[in-house]
Amino acid sequence: MADLFTNFAGITSPNPFWLASAPPTNTGAQIMRAYDAGWGGAVWKTLGTPIRNVTARFAANNHGGQRMMGLNNIELITDRPLDVNYAEIREVTRRYPEHATVISLMFESEQEWKENIERSIENGAKGLELNFGCPHGMCERGMGSAVGQEPAVLEEITRWVKKYSSIPVIVKLTPNISDITRPGVAAVRGGADAVSLINTIKSLMAVDLDLMVPIPNVGGASTNGGYCGPAVKPIALHMVAALARHKDFNIPISGIGGVSNWRDAAEFIALGATNVQVCTAVMHYGYRIVEDMIDGLSNYMDEKGYKTIHDFAGKAVSSYSNWEDLNMNYKVIAKIDKDKCIGCQLCYVACYDGSHQCIYIPGAEDGRAPAPVEGYNRVPWVAEDECTGCNLCSLVCPVEECITMEPVENGLEPVSWKQYTSGEKPLPAYHY
Ligand SMILES: Cc1cc2nc3c(=O)[nH]c(=O)nc-3n(C[C@H](O)[C@H](O)[C@H](O)COP(=O)(O)O)c2cc1C
Ligand code: SF4
Ligand code: SF4
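Quick look at the structure, then. What you see is a predicted model; the values in this text were computed from it and never measured.

**Here's the deal with the overall build of the chain**
Of regular secondary structure, the chain possesses 13 helices and 20 strands. Split into buried and exposed, the 432 residues of the chain put 43% on the buried side. Excluding contacts between residues fewer than 6 apart, the proportion of contacts in the chain whose partners are at least 24 apart in sequence is 71%.

**Notes on the site of ligand 3**
The full set close to ligand 3 counts 15 residues, and Cys351, Cys387, Cys390, Leu392 and Cys393 are the nearest of them. Elements with a minimum of two residues in the shell around ligand 3: helix H11 (346-354) and helix H12 (392-396). Residues belonging to the shell around ligand 3 are distributed by class as follows: 10 nonpolar, five polar and no charged.

**Concerning the pairing of strand S15 (residues 253-256)**
Along S15, one buried face is formed by Ile253 and Gly255 and the opposite face, lined by Ser254 and Ile256, is buried too. As paired elements, strand S10 (residues 194-197) and S15 share three bridges and run parallel to each other. Bridge pairing in S15 places Ser196 opposite Ser254. Across three bridges, S15 lies against strand S16 (residues 275-278) in parallel orientation.

**Things to note about the site of ligand 2**
The environment of ligand 2 is formed by 13 residues, the closest being Cys341, Cys344, Leu346, Cys347 and Cys397. Classifying every residue of the shell around ligand 2 by side-chain character gives 11 nonpolar, two polar and no charged.

**Digging into the pairing of strand S6 (residues 66-73)**
Taken together, the five bridges between strand S5 (residues 58-63) and S6 define a ladder with antiparallel strand orientation. Looking at S6, one finds that Phe58 is bridged to Asn73. The turn linking S5 back onto S6 is made up of two residues, and Gly64 within it adopts a positive phi angle of 55°. As paired elements, S6 and strand S14 (residues 225-228) share three bridges and run antiparallel to each other. When the sheet's bridge partners are listed, Asn72 is paired in S14 with Tyr227.

**Description of the nonpolar core**
Inside soluble globular proteins, nonpolar side chains tend to come together where they are buried. Grouped together as the largest cluster of nonpolar side chains are 91 residues, with contacts concentrated most on Leu128, Val171, Val195, Val240 and Ala265. Tallying contributions element by element places helix H7 (residues 233-244) first for this core, with seven residues. Excluding residues within four positions of it along the chain, Ala265 makes contact with Pro16, Phe17, Val259, Val276, Met293 and Leu297. In this structure, Cys347, Trp381, Cys397 and Cys402 belong to the second largest nonpolar core, which totals 16 residues.

**Comments concerning the sheet that holds strand S3 (residues 17-19)**
Whether parallel or antiparallel, the strands of a sheet pair through hydrogen bonds between backbone atoms. An order of S3-S4-S7-S8-S9-S10-S15-S16 is seen for the eight strands of this closed barrel, with the pairing classed as parallel. Between one strand axis and the next, the sheet turns by 25° as a mean value, whatever way the strands run. The sheet contact formed by strand S4 (residues 41-47) and strand S7 (residues 100-105) spans five bridges and is parallel. Within S7, the position partnered with Gly41 by the bridge is Ala100.

**Observations concerning the sheet that holds S14**
Ordered by their spatial adjacency, four strands build an open sheet running S5-S6-S14-S11, and the pairing between neighbours is antiparallel. Lying at the two open borders of the sheet, with one neighbouring strand each, are S5 and strand S11 (201-203). Adjacent strand axes in the sheet meet at a mean angle of 40° when their direction is disregarded.

**Focus on the packing of helix H3 (residues 110-122) against helix H5 (residues 151-164)**
Between H3 and H5, whose axes approach to 9 Å, the crossing angle comes to 40°. As the angle between them shows, H3 and H5 are arranged oblique. The crossing of H3 and H5 is right-handed. Taken together, the residues of H5 that come into contact with H3 (itself represented by Glu110, Trp113, Lys114, Ile117 and Glu118) are Trp160, Val161 and Tyr164. Tallied by class, residues from the contact of H3 with H5 come to five nonpolar, no polar and three charged.

**Section: unusual backbone geometry**
Cis peptide bonds are those with omega within 30 degrees of zero, and the linkage from Leu197 to Ile198 qualifies with 15°. Mapped onto the elements, Ile198 comes out in the loop between S10 and S11. Residue Ala9 is not a glycine yet carries a positive backbone phi of 50°. Of the residues examined, Ala9 has 18 C-beta atoms within 10 Å and is grouped as partly exposed.

**Things to note about H5**
One turn of an α-helix holds 3.6 residues; hence residues three or four places apart share an orientation. Under the 1.5 Å per step criterion, the end-to-end length of H5 is 20 Å for 14 residues, consistent within 8% with the ideal 20 Å. Regarding H5, the residues found buried are Pro151, Leu154, Glu155, Ile157, Thr158 and Val161.

**Re the environment of Ser298**
Here Ser298 shows up in helix H10 (residues 289-304). Separated by 41 residues in the primary sequence, Ser298 and Asp339 place their C-alpha atoms 35 Å from one another. Once you skip the residues sitting within four places of it in the chain, Ser298 turns out to touch Ala2 and Leu4.

Conventions used here
Residues numbered from 1 in each chain as written. Chains lettered and ligands numbered in written order. Predicted model: local features only at pLDDT ≥ 70, side-chain atom pairs only at ≥ 80, totals over all residues. Helix = DSSP H or I, 4+ residues; strand = E, 2+ residues; numbered from the N terminus. Buried ≥ 20, exposed ≤ 12 C-beta atoms within 10 Å, placed from the backbone. Contact = placed C-beta atoms within 7 Å. Near = placed C-beta within 6 Å. Nonpolar A, V, L, I, M, F, W, Y, C, P; charged D, E, K, R; others polar. Pairing = 2+ DSSP bridges. Core = buried A, V, L, I, M, F, W, Y, C linked by C-beta atoms within 7 Å. Axes fitted to C-alpha atoms, helices over the stretch in contact; angles between N-to-C directions. Parallel < 35°, antiparallel > 145°, perpendicular 65-115°, else oblique. Left-handed = near helix turned anticlockwise from the far one by under 90°. Expected span 1.5 Å × (residues − 1).

So this is what it looks like as structure tokens:
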């Protein structure tokens with residue numbers, strides 16, 4: 001049976017599922033309920049010099065039937081007094097000593113950092129997370145993503161924190177930067193024990209076209225916020241993997257961004273994370289989603305024979321390569337399962353207008369398709385010699401496994417762009 005216990009940069013927890021610093025970790029009472037529900041750790045809602053929030057604060061992007069595909073917020077850090085937060089931290093860490101209670105901090109002066117590191121440790125924190133990622137409000141005051149976007153400043157503050165901290169320090173990175181490896185490597189140089197990413201992506205969600213005000217509407221005006229939820233997962237996965245494979249990066253990664261189920265978590269782990277943090281999915285469905293996450297990940301690990309997270313952490317990193325190293329002689333083509341096809345012909349339209357015009361309708365005068373067959377006369381036909389293997393038809397087909405992309409045994413030896421440009425191998429013959 002898989003053992004989900006994790007040791008993340010020296011912070012242990014019963015499982016790799018932590019709550020990210022956000023509304024679900026605003027109070028001690030919430031975090032204790034979350035631990036009772038099964039969460040292995042929680043990063044406290046960022047502490048700083050208390051602020052005032054505005055209303056409204058959130059806006060969402062719905063897509064198809066999915067509510068909150070993306071969530072945008074203009075909330076700042078904790079708006080509760082530090083004394084109240086620290087009293088609750090003490091209670092949580094005393095009552096849940098096996099859990100990973102990590103305190104997120106964001107301060108301005110070295111003195112403030114020092115005082116709050118000491119108070120966090122006195123009250124039982126297992127680790128610290130430095131919020132260098134908030135892309136709204138706090139960055140206008142020189143904190144949050146303003147620090148995450150300046151690797152030299154990030155490195156210096158990380159050094160201050162390490163000087164005063166006897167517990168592990170996690171640097172939380174902002175995705176609002178062109179090359180994530182620069183702040184990631186700066187965190188390593190500053191002495192961080194780990195990084196976590198991503199914080200939210202700077203965004204403007206939508207515009208109320210009657211009022212002519214972007215949302216969320218704060219009394220007739222709005223501002224840019226931070227985007228998160230399922231929509232950001234591919235961006236977060238890329239950034240995690242980019243760090244995991246970087247030659248100068250060698251500390252643990254906590255994966256954040258759109259994690260909603262065990263499968264998302266397993267993907268982050270395969271690409272180099274050793275735990276994950278969750279915010280939007282809990283804001284949407286509540287703490288209990290962790291039950292399915294734990295069951296799903298355990299079952300997957302049992303099926304694959306992985307005893308601990310470390311048995312598969314980073315296993316997919318080496319297959320994330322540069323374009324120039326891909327094999328240009330590898331070829332797949334689309335195959336339609338005529339018995340699953342419902343004849344909607346979406347694949348035909350997509351290939352005709354959006355790809356390479358190699359799907360034909362049976363019986364159409366300008367087509368190459370064979371004559372219609374009784375019972376299958378709406379099933380399109382793929383001209384395999386013309387198919388570029390782009391995948392588009394299989395992506396638009398509404399029926400699961402109806403269009404599959406199948407490798408062609410062409411007997412050609414692998415050739416990459418790098419091998420061609422270095423003169424090692426000839427350019428492959430053009431194929432559709
Ligand atoms: C309403 C809201 C408030 C947040 N507040 C904080 C915060 O105080 N500190 C912080 O480090 N991240 C904060 N975050 C960012 C989350 O911790 C997390 O990095 C981000 O939401 C991506 O994860 P997700 O896609 O699971 O939501 C906040 C996110 C939301 C939606
Ligand atoms: S999209 Fe799928 S179901 Fe629709 S016609 Fe094409 S193969 Fe058939
Ligand atoms: S894989 Fe691309 S090119 Fe081939 S049939 Fe499908 S859409 Fe057309």
